[in-house]
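Descriptive analysis of the structure
Read off the chains here:
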Amino acid sequence: MELRDYQREDVEFFKAHHVACDFSEQRTGKTYKVCAYIQEENIGRALIVCPKSVVYVWQEALLTFSDITAGIVTEADYAVKPEDRVLIVNYELLRGKKNVDNFNKWKPELLVVDEAHRCKNWKSLTYKAIDKLSRYVPRRLYLTGTPVTNKQYDIWVLLHFLDRNMWGSPYVFLDKFFMCEQIRVAGGRTVNTYEFWKPGAKQLVQSYLSLHCVQRKRKEVMPWLEETTVTKIKLPATKQQIVACRDLEQYYEHKHIVTQNVLENLIRTRQILNDPYILGLKGKSPKAVWLSDYVKDYPEKTILVCSHSKQFLSHLSELNGWPVFSGDTDAERRKDLIDGVQSGNIKVLLAQTVAISEGITLSNVDVTIMLDNYCPFSVYLQAKDRMVATSIEENKPKELIEVMIKDSFDETLFGLVARRCNEAAVINSYKEYLERKCS
């Protein structure tokens, strides 16, 4: 995979600085720049810290771009193996003292902090964990498209990560660069607030950051790119899913489930790969777990979640309390749901793909997540386009996320639908798939 010219420039910037921030907007390829940096600098031990919902994105990118098999940390006390070259850990698992100590003993050569703005609260366990790692790792990259998410002084954390000697104390930073104002709060107390920069202070900080950071705007580097971008999330199947699908492929039955033909077999397989609970089987749903993590990771986003399976959506609603828009939803309830999304009162809406494909506008949606796919292509296309803006004023970047079970027919289905295959072609493809698996 070739890097674009601006990505190549940024990789060379990382090589020259070793400690840097990348403030580029989403979808400009921050992940691939890091992969290239690891490969070209021949990094022996790299630790990537990221939200739960993107650990598999990093793993897939490293394998695709640089042929590096990265390990995913799944334990609060991970025992580092001698063969580990790149490890990926989510923020939650990093907050415990044991993993931080274990990683420091491992002595990583590179620390990559994805969505680094999560460390903005310097009193939090997240900040303290990253800060402790940053002390001992010589090469460090901090990635975020939103370096300041709330207060202007949140930028101190990233400044401190870049150079802890120059930007040593947040309180000194506040006193030196911000004007202090006192406000009265409930109970009659007064508290200090730091909302405004002192004259010239912001320019000084920006000047420093320009020496140590790169920032790419999507419209500047990819003017040809449509607003809607696509991300594929490939999740590993659980052992229970693997066994159940294997039994159906070979014997057309698994426990109490018996299928009579290829089409019924395909339907049951799709249900198992979505959520074993649908068929009364034990075991977690990787898709449900990922979705819950994603919503927690991005509370600021308005999310439309689509599935062809009403049962799957109902179970997700039971687990998380999110509303469901299905073919059975009456007109009044539909209007309430649409108005709730458009006004921002509903942040997550579960929708049956067919039900959402016509006659509605959800332009306030930031992300559409497809948890499964099936023909015809037009239904998929219409569901995806529900979030497209209808006026210039509503226009904003959009993302489509396709969530699939890796190395299964679930993954194959997304490709078949994209090629606009009809149901007959899908069933024939599944027959061929079974023949290959069982031969």
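Here is a short report on the structure shown in this document.

1. Focus: the pattern of salt bridges
Scanning all chains against the criterion turns up 22 salt bridges. Its salt-bridge partner being Glu41, residue Arg139 comes within 2.9 Å of it at the nearest N-O pair. Residue Arg139 is found in strand β6 (residues 139–143), and its partner Glu41 is found in the loop between α2 (30–40) and β2 (46–50); the two are separated by 98 residues along the sequence. One salt bridge in this structure joins Asp297 and Arg118, with 3.1 Å as the shortest N-O distance. Of the two residues, Asp297 is situated in helix α13 (residues 286–297) and Arg118 in the loop between β5 (110–114) and α6 (125–134); the sequence distance between them amounts to 179 residues. You can call Asp297 buried: its relative accessible area is 8%. Overall, the relative accessible area of 23% leaves Arg118 in the partly exposed class. Here the salt bridges share partners, and the residues they tie into one network are Glu9, Asp10, Asp22, Lys33 and Arg216.

2. A word on the nonpolar core
With 60 residues, the main nonpolar core has Ile38, Trp58, Leu62, Trp290, Leu291 and Ile369 as its most contacted residues. Setting aside anything within four residues of it in sequence, one finds Trp290 in contact with Ser53, Ile233, Leu235, Ile369, Ile401 and Val403. Ranked by size, the runner-up nonpolar core spans 46 residues in total, among them Leu87, Leu93, Tyr127 and Leu209.

3. Description of the environment of Ser363
Mapped onto the secondary structure, Ser363 falls in the loop between β15 (348–352) and β16 (367–370). On a C-alpha basis, the gap between Ser363 and Gln342 in space is 7.0 Å, while along the polypeptide they are 21 residues apart. One polar contact links Ser363 to Gln342, side chain to side chain, over a distance of 3.1 Å.

4. Thoughts on unusual backbone geometry
The omega torsion across Cys375 and Pro376 is 5°, close enough to zero to call that bond cis. With respect to the secondary-structure elements, Pro376 resides in the loop between β16 and α16 (377–384). If you check the backbone angles, Asn42 has positive phi at about 55° while not being a glycine. Take Asn42: it is sitting in the loop between α2 and β2. On the basis of relative accessibility, which here comes to 58%, the residue Asn42 falls in the exposed class. Located in the positive-phi region is Tyr252, a residue other than glycine, with phi close to 60°. Locating Tyr252 in the fold gives a position in the loop between α11 (239–251) and β11 (253–254). Residue Tyr252 is classed as partly exposed on the basis of its relative accessible area, which comes to 24%.

What counts and what doesn't
- Residues numbered from 1 in each chain as written.
- Predicted model: local features only at pLDDT ≥ 70, side-chain atom pairs only at ≥ 80, totals over all residues.
- Heavy atoms only, no water.
- Salt bridge = Lys/Arg side-chain N within 4 Å of Asp/Glu carboxyl O.
- Helix = DSSP H or I, 4+ residues; strand = E, 2+ residues; numbered from the N terminus.
- Buried < 20%, exposed > 50% of the residue type's maximum accessible area, 1.4 Å probe, protein only.
- Core = buried A, V, L, I, M, F, W, Y, C linked by side-chain atoms within 4.5 Å.
- Contact = heavy atoms within 4.5 Å.
- Polar contact = N/O pair within 3.5 Å; in protein donor to acceptor, adjacent residues only side chain to side chain.

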